[in-house]
Amino acid sequence: MNNRRPPSPFNVSRTSALAAFASPVRSRIMDLLAADGPVTAGHVSSELGIAPGSASHHLKVLSNAGLIEEAHGVSSDERKHFWKLSHPTTRWSREEITDFAARSAAFEAEQLALEQQFARSRRSLVDTADSDGAVTSTFATQGWARLTSMEMAALRDELVEVVRRWEFREIPDDGIDRQSCFVFARGFPARP
């Protein structure tokens, strides 16, 4: 691993952008762009199983929200429009949002993200159970810690930094096939 620093996250606070994250299809498109890089509406349509016109519509909404943009120079065929994330990483904090509509959209986006995280975890569990004993490097971790609000923020920042460091590292040119992996962590006040 090298010392390349991950990009700073873009702080999302506009209602239109947060509402885009609260849409299941648009959220999946954002994930697809993060995992696959610049893609066309046709690729989005094929990967997500939606009509091409629907893919184009959702891409336009994401573009209008400032979350994605056209990726120029990806193809010599000027008829093909490629799309990429406008910002490599995004973040928001409901505590920092003062506009009621934006705060409500942020809540909806967080709720959807949690549902998608659980769905991906369940799929992974089933996929590895059906893998005929093949060994994978999946993991799960949990723990109980007594923390102040400031300590929780420090833990959050450390975890985010570790994930971002792996996400934005320079991939070695060693001929080894690497697959897309989803990593998430959550921390919150709770009781057993």
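To be clear, the structure that these remarks concern was listed above.
Read on for an overview of the structure. (Residues numbered from 1 in each chain as written. Predicted model: local features only at pLDDT ≥ 70, side-chain atom pairs only at ≥ 80, totals over all residues. Heavy atoms only, no water.)

## Regarding the overall build of the chain
- Looking only at helices and strands, one finds six helices and five strands in the chain.
- The N-to-C order of helical and strand elements in the chain reads β-α-α-β-α-α-β-β-β-α-α.
- Projecting the C-alpha coordinates of the chain onto the three principal axes gives extents of approximately 55 × 50 × 35 Å.
- For the chain, the exposed surface amounts to about 13,800 Å²; the carbon and sulfur share of it is 52%.
- Of the side-chain charges in the chain, 23 are positive and 25 negative, and the distance between the mean point of each set is 4 Å. (Helix = DSSP H or I, 4+ residues; strand = E, 2+ residues; numbered from the N terminus. Areas by Shrake-Rupley, 256 points an atom, 1.4 Å probe, with all protein chains shown as cover. Lys, Arg positive; Asp, Glu negative; His and termini not counted. Charge placed at Lys NZ, Arg CZ, Asp CG, Glu CD.)

## Observations regarding helix 4 (residues 52–64)
- Between its first and last C-alpha, helix 4 extends 18 Å over 13 residues, near the 18 Å set by a 1.5 Å rise per residue.
- Considered for burial, the residues of helix 4 that qualify are Ala 55, His 58, Leu 59 and Leu 62. Summarising the axial view, the buried residues of helix 4 lie within an arc of 100°, below the 170-degree limit, and thus occupy one face. Among the exposed residues of helix 4, those pointing more than 90 degrees away from its buried face are Gly 53, Lys 60 and Asn 64.
- In this fold, the buried residues of helix 4 make contact with helix 1 (15–21), helix 2 (24–36), helix 3 (41–48), strand 3 (68–70) and strand 4 (82–85).
- The first or second residue beyond helix 4 is Gly 66, which carries a positive phi of 80°. (Expected span 1.5 Å × (residues − 1). Buried < 20%, exposed > 50% of the residue type's maximum accessible area, 1.4 Å probe, protein only. Arc of directions from axis to C-beta. Contact = heavy atoms within 4.5 Å.)

## Here's the deal with the pairing of strand 4
- Pairing of strand 2 (residues 39–40) with strand 4, which is carried by two bridges, proceeds in the antiparallel orientation. Within strand 4, the residue paired with Val 39 across the bridge is Trp 83. (Pairing = 2+ DSSP bridges.)

## A closer look at the nonpolar core
- Ranked by size, the top nonpolar core spans 27 residues in total, and within it Val 44, Leu 67 and Ile 68 carry the most contacts.
- Of all the elements in the fold, those that place two or more residues in this core are helix 1, helix 2, helix 3, helix 4, strand 4 and helix 5 (100–129).
- Apart from residues lying up to four places away in sequence, Val 44 is in contact with Ile 29, Leu 32, Val 39, Gly 49, Ile 50, Ala 55 and Leu 59. (Core = buried A, V, L, I, M, F, W, Y, C linked by side-chain atoms within 4.5 Å.)

## Thoughts on the environment of Phe 118
- With respect to the secondary-structure elements, Phe 118 resides in helix 5.
- Residue classification places Phe 118 among the partly exposed residues on the basis of a relative accessible area of 42%.
- Remark: the alpha-carbon pair of Phe 118 and Glu 170, spanning 52 residues in sequence, is separated by 29 Å.

## Regarding the environment of Ala 102
- Examined against the element boundaries, Ala 102 turns out to sit in helix 5.
- Spatially, the C-alpha atom of Ala 102 lies 6.6 Å from that of Ser 13, the residues being 89 residues apart in sequence.
- Residues in contact with Ala 102, not counting those within four places in the same chain, are Ser 13, Thr 15, Leu 18 and Ile 97.

## Structural notes on the pattern of salt bridges
- Overall, the coordinates contain seven salt bridges when judged by the stated rule.
- Two residues, Arg 120 and Asp 31, come together in a salt bridge whose shortest N-O distance is 2.4 Å. Remark: Asp 31 occurs in helix 2 and Arg 120 occurs in helix 5; sequence separation between them is 89 residues.
- The salt bridge partner of Glu 69 is Lys 84, with a shortest N-O separation of 3.6 Å. With a gap of 15 residues between them, Glu 69 in strand 3 and Lys 84 in strand 4 connect regions that are remote in the sequence.
- The partly exposed category is assigned to Glu 69, whose relative accessible area is 33%. (Salt bridge = Lys/Arg side-chain N within 4 Å of Asp/Glu carboxyl O.)

## Overview of the side chain of Gln 117
- Along the polypeptide, Gln 117 turns up in helix 5.
- Judged by its relative accessible area of 13%, Gln 117 falls in the buried class.
- If sequence neighbours within four positions are ignored, Gln 117 has contacts with Phe 182, Phe 184 and Arg 186.

## Here we look at a nonpolar patch on the surface
- Where nonpolar side chains cluster on the molecular surface, the patch consists of Leu 147, Leu 155 and Leu 159 and spans about 230 Å² of accessible area.
- Mapping Leu 147 onto the fold places it in the loop between helix 5 and helix 6 (149–167). (Patch = residues over 30% accessible without salt bridge, like charges linked within 9 Å, V, L, I, M, F, W, Y side chains within 5 Å.)

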